[in-house]
Amino acid sequence: MQLPKALRNTSLVVGAAITLTIVLLAIFAPAIATHGVEQMDMRNRFAGPSFQHLLGTDNFGRDLWSRLIWGARVSLTIAIIAVVCSVIIGTIVGLVAGYFGGWVDLVLMRITDIFLGVPAIVLALAIVAILGPGVMNVALALIVVAWTEYARVVRATTLVLREQNYVQAARALGARPSRILFKEILPNALGPIIVLASLGLGTAIIAESALSFLGFGLPPPTPTWGWTLAYGTKFIRDEPWLSIISGATIMITVLGFNLLGDGLRDVLDPRQLSRGGGKS
Amino acid sequence: MQTADGSAPLLTVNGLKVHFAIRKGVLNRVVGAVRAVDGVSFSLRRGETLSLVGESGCGKSTTGLALLGLLKPTGGQVEFDGQTVRDFRGAALKSYRKRVQIIFQDPFSSLNPRHRVRDIIRAPLDIHQVGTRAERDARVAELMERVGLRPDQANNFAHQFSGGQRQRIGIARALALNPDIIVCDEPVSALDVSVQAQILNLLSDLQRDLGVAFLFISHDLGVVEYLSHRVAVMYLGKIVEIADKTAIFANPSHPYTELLIGSAPSLDPRNRHQFKASNDDIPSATNKPSGCSFHTRCPLATDACRESEPQLSLRDDGRSLACHHR
């Protein structure tokens, strides 16, 4: 009976609700946004929240609510691309390193150590600086800094799982390594990967905002959250709304993914995973 | 090598060794070896049950894993159906794996918790691409019935079954490819006694009907006496005595066999230990005693035992024995 137990987990429910809301807002942005991204209303610059402009406007009179919703699309797209690719790369590296061991493990883990050795934000900045801005380039920068974590976690899980008798049984039957890795080991390693991926989405959104804040994200007029936050600081003395609201948007989104990840961690109890929810 | 009755054995193991290197320090230098299996020789005939008994750590499970190719032997030869297993690569290895299967001790970790019973039993058929999809499913149903499970439970997961039922699933998986040999690595020692009896009966029925040979690894002498035709007694990585079941139990020859059978608890209070070891400490497999490795515990030990190692030799009564004094 997984469902009732999952629904009793507060952080999972709250996290899922926040995440789902943001995702739905991003998907239906054209219907929900009240104004265009670039639509200026010069008579209503720096307007406070009103029915016309739900969250007020910036120095050009652009509607903040609409810009944040369009921005959600950008942030989520980049975060999802980055996390999906990181999971795929990290999982394959981790499975191969953990299962084969020996020099394969040694080489792959030293490579991940090299990536881990460079501070993440510096590495990401360097990549965007070299490749130039663009959705794929920003995503690539995030993949380069994020895949190592998945590799390490999957490797550790694989080290435990490969000693299980059902893996030995598959080997004794003459199963190919690809079958053992993807059919026997991977399904049992999915729990930690899912938890890590949902936490990773939060991290990716922060990282993308940080790059934009520092001016290395997507260039204007793309309405990224990080850039809106950074731009708002110019007017923070007189009109703090811009920075506060865009900052809060980032915070709530990340909070949602973190709560979701924590909740999933509780529901997908690792002790249950290793024994498959054994009755004893 | 010929067996007592003259027929060529299905499996012949000659001087099998499995050593694990002990590495130490930054340079990972080999400083010693655990000689888990240290020159084991025996043969297994078609349709017979040979039990491998001995104390924990004597290398009986390691022998089984090496025969399946799950551990790399350090030395020795394994011949299966007239061919040397060492040379097996690719297709030959695959066909060997098809004919030699294993049943594990732990009915929990031996079944993948994420797979349905159908997929677990069908895995051998999928891996070796036997028949069509429909034929495989039919075979799964047939196997489930054969081991006493209801075929309509095929969609359940392993954790929905009891320990005994899980062991039946493991047996069905081992039977799927109609193997010639099944290595049973303590298949009942994790089960309740009442369930043990059911599983043992199932195994002996299967042997009668299918003619499969069992290499039965166990430390439970009662179980061994019930199921085996012949018994091999292992001590510190070596076989010290092989004989027919009745000969071993009625008239143990090697001092260690005598000790082992004498230590099995008996229901008769008058039946006290006849035979006493001179020392109860089991030597380690890293640093084995010189000569006969049992001399540190053997009441019959003399200087000869400390100096030279007795070889396993065939005696007049048909048993093989490694002892200077018997």
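The present account deals with the structure reproduced in this document. Fair warning: this is a prediction, and the values are worked out from it, not measured in the lab.

As a further point, take unusual backbone geometry. Although it is not a glycine, B:N178 adopts a positive phi angle of roughly 50 degrees. With respect to the secondary-structure elements, B:N178 resides in the loop between α5 (163-175) and β7 (181-185).

Residues and elements named next belong to chain B. Enumeration over the complete set of coordinates arrives at 27 salt bridges over all chains. K238 is the partner of E309 in a salt bridge, and the nearest nitrogen-oxygen pair spans 2.7 Å. Here E309 is found in the loop between α10 (303-307) and β11 (313-314), whereas its partner K238 is found in strand β10 (residues 238-244), with 71 residues between them in sequence. Accessibility expressed as a relative area gives 33% for E309, which makes it partly exposed. Taking the relative accessible area as the measure of exposure, K238 reaches 23% and is therefore partly exposed. Among the ionic pairs, R306 bridges to D303, the shortest N-O distance being 3.4 Å. Of this pair, R306 and D303 both sit in helix α10, three residues apart, which is roughly one turn of the helix. It is possible to trace a salt-bridge network through shared partners that takes in R118, R122, D126, R136 and D137.

Taking 1.5 Å per residue as the helical rise, α5(B) with its 13 residues ought to reach 18 Å, and the 18 Å between its terminal C-alpha atoms agrees with that figure. The buried fraction of α5(B) is high, at 11 of 13 residues.

All names here are of chain B. Counting buried positions along strand β9 (residues 230-235) yields six of six residues, so the element is predominantly enclosed. Burial along β9 is two-sided: the residues R230, A232 and M234 and V231, V233 and Y235 are all buried. Summarising the sheet, strand β3 (residues 49-53) and β9 pair through four bridges and their orientation is parallel. Looking at the pairing, L52 lines up with A232 of β9. The pairing of β9 with β10 spans six bridges and is classified as antiparallel. Bridge pairing links R230 to D244 in β10. Remark: two residues form the turn of the hairpin made by β9 and β10, two consecutive strands paired antiparallel; L236 in that turn has positive phi of roughly 45 degrees.

Within the largest apolar cluster, 93 residues are counted, with the highest numbers of intra-cluster contacts made by A:I185, A:I205, B:I121, B:I169, B:I171, B:I182 and B:L203. Once you skip the residues sitting within four places of it in the chain, A:I185 turns out to touch A:L95, A:Y99, A:T158, A:L161, A:R162, A:V167 and A:I180. The next biggest cluster of nonpolar side chains, apart from the first, holds 34 residues, and it includes B:V18, B:Y96, B:I181 and B:A213.

Here we come to a nonpolar patch on the surface. All names here are of chain A. On the surface, a cluster of nonpolar side chains totalling about 620 Å² of accessible area is made up of W103, L106, V107, I111, I114 and F115. As for its position among the elements, V107 is in helix α5 (residues 102-117). Take V107: its relative accessible area is 42%, and that puts it in the partly exposed class.

Let us look at the sheet that holds strand β6 (residues 100-103) of chain B. Residues and elements named next belong to chain B. Taken in spatial order, the eight strands of this open sheet run β6-β7-β8-β3-β9-β10-β12-β11, and their pairing is mixed. Two strands lie at the open edges of the sheet, namely β6 and β11, each paired on one side alone. Looking at chain direction, β6 and β7 are connected through four bridges and run parallel. Within β7, the position partnered with Q101 by the bridge is I182.

Cut-offs applied
Residues numbered from 1 in each chain as written. Chains lettered and ligands numbered in written order. Predicted model: local features only at pLDDT ≥ 70, side-chain atom pairs only at ≥ 80, totals over all residues. Heavy atoms only, no water. Helix = DSSP H or I, 4+ residues; strand = E, 2+ residues; numbered from the N terminus. Salt bridge = Lys/Arg side-chain N within 4 Å of Asp/Glu carboxyl O. Buried < 20%, exposed > 50% of the residue type's maximum accessible area, 1.4 Å probe, protein only. Expected span 1.5 Å × (residues − 1). Pairing = 2+ DSSP bridges. Core = buried A, V, L, I, M, F, W, Y, C linked by side-chain atoms within 4.5 Å. Contact = heavy atoms within 4.5 Å. Patch = residues over 30% accessible without salt bridge, like charges linked within 9 Å, V, L, I, M, F, W, Y side chains within 5 Å. Areas by Shrake-Rupley, 256 points an atom, 1.4 Å probe, with all protein chains shown as cover.

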